[in-house]
There are 4 protein chains.
Amino acid sequence: MSFEGAAQQLSEAGREFYGRGWVLGTSGNFSALISREPLDICITASGNEKGKLAETHFLKVNQNAEVIEGKGKPSAETLLHLTLYYLKPEANSILHTHSVWGTILSDKFYANGAIEIEGYEMLKGLNGVRTHEHREVLPIIENSQDYVALAHIIENVIRENPNAHGIYLRRHGLYTWGNSIAEAKRHIEIFEFLFEVLGRQRKA
Amino acid sequence: MSFEGAAQQLSEAGREFYGRGWVLGTSGNFSALISREPLDICITASGNEKGKLAETHFLKVNQNAEVIEGKGKPSAETLLHLTLYYLKPEANSILHTHSVWGTILSDKFYANGAIEIEGYEMLKGLNGVRTHEHREVLPIIENSQDYVALAHIIENVIRENPNAHGIYLRRHGLYTWGNSIAEAKRHIEIFEFLFEVLGRQRKA
Amino acid sequence: MSFEGAAQQLSEAGREFYGRGWVLGTSGNFSALISREPLDICITASGNEKGKLAETHFLKVNQNAEVIEGKGKPSAETLLHLTLYYLKPEANSILHTHSVWGTILSDKFYANGAIEIEGYEMLKGLNGVRTHEHREVLPIIENSQDYVALAHIIENVIRENPNAHGIYLRRHGLYTWGNSIAEAKRHIEIFEFLFEVLGRQRKA
Amino acid sequence: MSFEGAAQQLSEAGREFYGRGWVLGTSGNFSALISREPLDICITASGNEKGKLAETHFLKVNQNAEVIEGKGKPSAETLLHLTLYYLKPEANSILHTHSVWGTILSDKFYANGAIEIEGYEMLKGLNGVRTHEHREVLPIIENSQDYVALAHIIENVIRENPNAHGIYLRRHGLYTWGNSIAEAKRHIEIFEFLFEVLGRQRKA
């Protein structure tokens, strides 16, 4: 993918997510793979509104988290993106959102270690899922400001949950990925829909 | 109706429904009747975002579910659309959405066999309903990935509930129809509004 | 007000309310006063989508509910608008919406005869209200398809509640008015906001 | 900041907030600092819809709350803005919104004296906050129509809570500020997101 094309598609995803209230403030961050060997990614710079992104709000970053194109500070969470690209060879895009229902569920199910979702047709929107009888186990990881430690924890959790389509940082937000920006965006929508169903159902 | 006109109106309905969160991911599918004898329909191809449909995302399909115009794979649920057109001679459009409140209600009322709605002025938006005292019985059918079996079950349920304005696949979504795309769209809005009322009321 | 100007402003209010889900399906109706002597009003014709109104979707109707300009059938509720203009000399516009929260509250508080709202700053958006300590008593009237009988009931209720800024038809919708379309629209927003606060608070 | 630039940016924030239902009716008011010595601010005139603001809906007001540019009546709450600019030398913009969740929380937690929020990643969107472990204490002040008395109460509360990023008038709305309009807008989004999380969580 070209840097320009990635920035344009990620900006559009940002406008959609902002409209739905999933990246309020300057929360969330988005990336796409530019090349795998060497690992170069296009990622949102830190601190911008996600509903009004333009190409100038993106950086090209290498596998050492160094900025090789663009102006601005890479997000502190760049390391988590790089870790996920390393662990998930099929990932060409990684999207991270903060939603109300996700935040609530990540807290309620923290003691269980995961948000488990089973029996919904909407699950078929996740890559490779063929039936609503699928059981998606979305691991919840304790939030931290130590991103190096967090990257190691994520590495372990991903290895232990090879079938998960995402991870959730407790009271923080969802990370999911896809083989394209469109697929990663679809995964965000699927998870957010199901979070809302689970959140509202617990009260009903 | 012309294929082009149907595709344009269905695309617009898709944008509206996507905005309201009723066809997130690539969920939902929409069709309109092109001719009844022989039975030809215009239907969304599989796997596209419903908020950004254009004519190229639609297929013309015949009564054997064969693509006779357009590129792409017909939705696995095309068979359900064809079955409904066969059973409902007044139907010129069939719309299918996945909403949070519908999903929740279809689960809660599954044991009852139907979502029953009575006493709301909004019911008058359903074709032929003249008073809020109308009792709408919306049958709930267990979800399945075996679409041939599902089509037979739908056939029985529709014959047993000749007055129903739609059916609900459990934890999956709503199917409703109308004598025009505008009427089918109105039926979606009526049901979704009433699902939200019932869903929120159960908690209040 | 000119018919064209009224139609344009009411169409814009319709787009706004539709976006918020307060006039789904073809629910709701909107009017404005063209002249008081003789009483002529501009009102939505029956059966149109309220998110896409244009001048052709409006009728000029006289005090006998006869169409004197425009094509289409006047809403069955035209009689209620005319009754309200007759009873409320300050009203230059009447707006009617169907919302989820209003529907729920009108049912819950039906036995009380009114939705009572007190102590909210937002009440100051209602004409003539100077303090949040104001107590708004919004009468709830049983819904009916007999509009002549309903008009008489409304007449009595309005006379008994001269300070009310609106009335609610049970499980149907809100009627409110204003000395301009802008004020009537503001009243809708104020009531809908407060309905949501009350509805969510009852559950909290 | 120029008056024109401030009016344009505040208008845009108004459109965003109106879309989200945080400034319905004609609620809310927005300001930005034009100069600190002497203290001149650009502030919304009273009584306008916040979703359709243009430069003509703004006034330049001096430290005595006198209009020195523009037409219209300054909001009764202008005094509160001036008090906050006086107390918070870092504030270059002050935004005030009325939301459903904030209204509910301000009532529920009134007896506690504050809405306390701790442990959410989203808190890092508040100026100077470096970790989700931050505890934000948002003081709740009883609502009043006596703005002179209210200004004195706000002065005391701000002096007692030097680290607070905002204050809440009970059953009325949020005041927050920022070193730019963008930062104040971000603070509104952060607080509103967290209000919704807390409000929904209390019910779950």
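None of the values given here were measured: they were computed from a predicted structure.

Student: Quick rundown of the overall build of chain A? Include the residues and the values.
Tutor: When its secondary structure is counted, chain A shows five helices and nine strands. Seen in sequence order, chain A has helices and strands lined up from the N terminus as α-β-β-β-β-α-β-α-β-β-α-β-β-α. By the compact-globule yardstick of 17 Å for 204 residues, chain A fits well, its C-alpha radius of gyration being 16 Å. The dimensions of chain A, computed from C-alpha atoms along their principal axes, are 50 × 35 × 35 Å. When contacts within chain A are restricted to residue pairs at least 6 apart in sequence, long-range pairs at least 24 apart make up 64% of them. In the structure as shown, chain A presents an accessible area of about 7300 Å², 46% of it carried by carbon and sulfur atoms. Taken as two groups, the 21 positive and 25 negative side-chain charges of chain A have centres that lie 5 Å from each other.

Student: Requested: an account of the sheet that holds strand β9 (residues 173–178) of chain D, with residues and values cited.
Tutor: Residues and elements named next belong to chain D. Pairing in this open sheet of nine strands is mixed, and the strands run β4-β3-β2-β1-β5-β9-β8-β7-β6 from one edge to the other. Two strands bound the open sheet, and with one partner strand each, they are β4 (67–69) and β6 (114–118). Across this sheet, the average inter-strand angle for adjacent strands is 25 degrees, counted without regard to direction. Strand direction decides the pairing type here: strand β2 (residues 40–44) and strand β3 (residues 58–62), joined by five bridges, are antiparallel. Within β3, the residue paired with I43 across the bridge is L59. The strands that helix α1 (residues 3–19) touches are β1 (29–35), β2, β3, β4 and β5 (93–97); relative to β1, the one it contacts most, it runs at about 160 degrees. In the packing of helix α3 (residues 100–108) onto the sheet, contacts are made with β6, β7 (135–141) and β8 (166–169), and the angle to β8 comes to roughly 80 degrees.

Student: Describe the interface of chain D and chain A, naming the residues involved and giving the relevant values.
Tutor: Contact with chain D, which involves 24 residues of that partner, is made by 26 residues of chain A. Overall, the association of chain D and chain A removes approximately 2200 Å² of surface from exposure, summing both partners, and the carbon and sulfur fraction of that is 55%. Applying the counting criterion to the chain D and chain A interface returns two salt bridges. For D:E12, the salt bridge is made with A:K52, and the minimal N-O distance between the two is 2.5 Å. Secondary structure elements with two or more residues in the side of chain D that touches chain A: α1 and α5 (181–203) of chain D. Taken together, the residues of the side of chain D that touches chain A break down into seven nonpolar, four polar and 13 charged.

Student: Run through the relation of the copies chain D and chain A, naming residues and quoting values.
Tutor: For the match of chain D to chain A, the screw axis carries a shift of 0.0 Å, the RMSD comes to 0.0 Å, and the turn is 90 degrees. The operation mapping one copy onto its partner corresponds to a four-fold rotation axis. The overlap is low: 8% of the interface residues of chain D also sit at the interface in chain A, so different surfaces are used on the two sides.

Student: How would you sum up the relation of the copies chain A and chain B? Please name residues and give values.
Tutor: When chain A is fitted onto chain B, the two copies agree to an RMSD of 0.0 Å after a turn of 90 degrees and an axial shift of 0.0 Å. By residue overlap, the copies meet through two different surfaces: only 8% of the interface positions of chain A are interface positions in chain B.

Student: Residues and numbers for the nonpolar core, please.
Tutor: Proteins that are soluble and globular tend to have nonpolar side chains buried together. Membership of the largest hydrophobic core comes to 172 residues, with the highest contact counts inside it found for A:F195, B:F195, C:F195 and D:F195. For C:F195, the residues in contact, after removing those within four places along its chain, are C:S99, C:W101, C:G102, C:L105, C:I115, C:I117, C:L138, C:Y168 and C:L174.

The rules behind each value
- Residues numbered from 1 in each chain as written.
- Chains lettered and ligands numbered in written order.
- Predicted model: local features only at pLDDT ≥ 70, side-chain atom pairs only at ≥ 80, totals over all residues.
- Heavy atoms only, no water.
- Helix = DSSP H or I, 4+ residues; strand = E, 2+ residues; numbered from the N terminus.
- Rg over C-alpha atoms; globule rule 2.2 N^0.38 Å.
- Contact = heavy atoms within 4.5 Å.
- Areas by Shrake-Rupley, 256 points an atom, 1.4 Å probe, with all protein chains shown as cover.
- Lys, Arg positive; Asp, Glu negative; His and termini not counted.
- Charge placed at Lys NZ, Arg CZ, Asp CG, Glu CD.
- Pairing = 2+ DSSP bridges.
- Axes fitted to C-alpha atoms, helices over the stretch in contact; angles between N-to-C directions.
- Buried area = accessible area lost by both parts, 1.4 Å probe.
- Salt bridge = Lys/Arg side-chain N within 4 Å of Asp/Glu carboxyl O.
- Nonpolar A, V, L, I, M, F, W, Y, C, P; charged D, E, K, R; others polar.
- Least-squares fit on C-alpha atoms with pLDDT ≥ 70 in both.
- Core = buried A, V, L, I, M, F, W, Y, C linked by side-chain atoms within 4.5 Å.
- Buried < 20%, exposed > 50% of the residue type's maximum accessible area, 1.4 Å probe, protein only.

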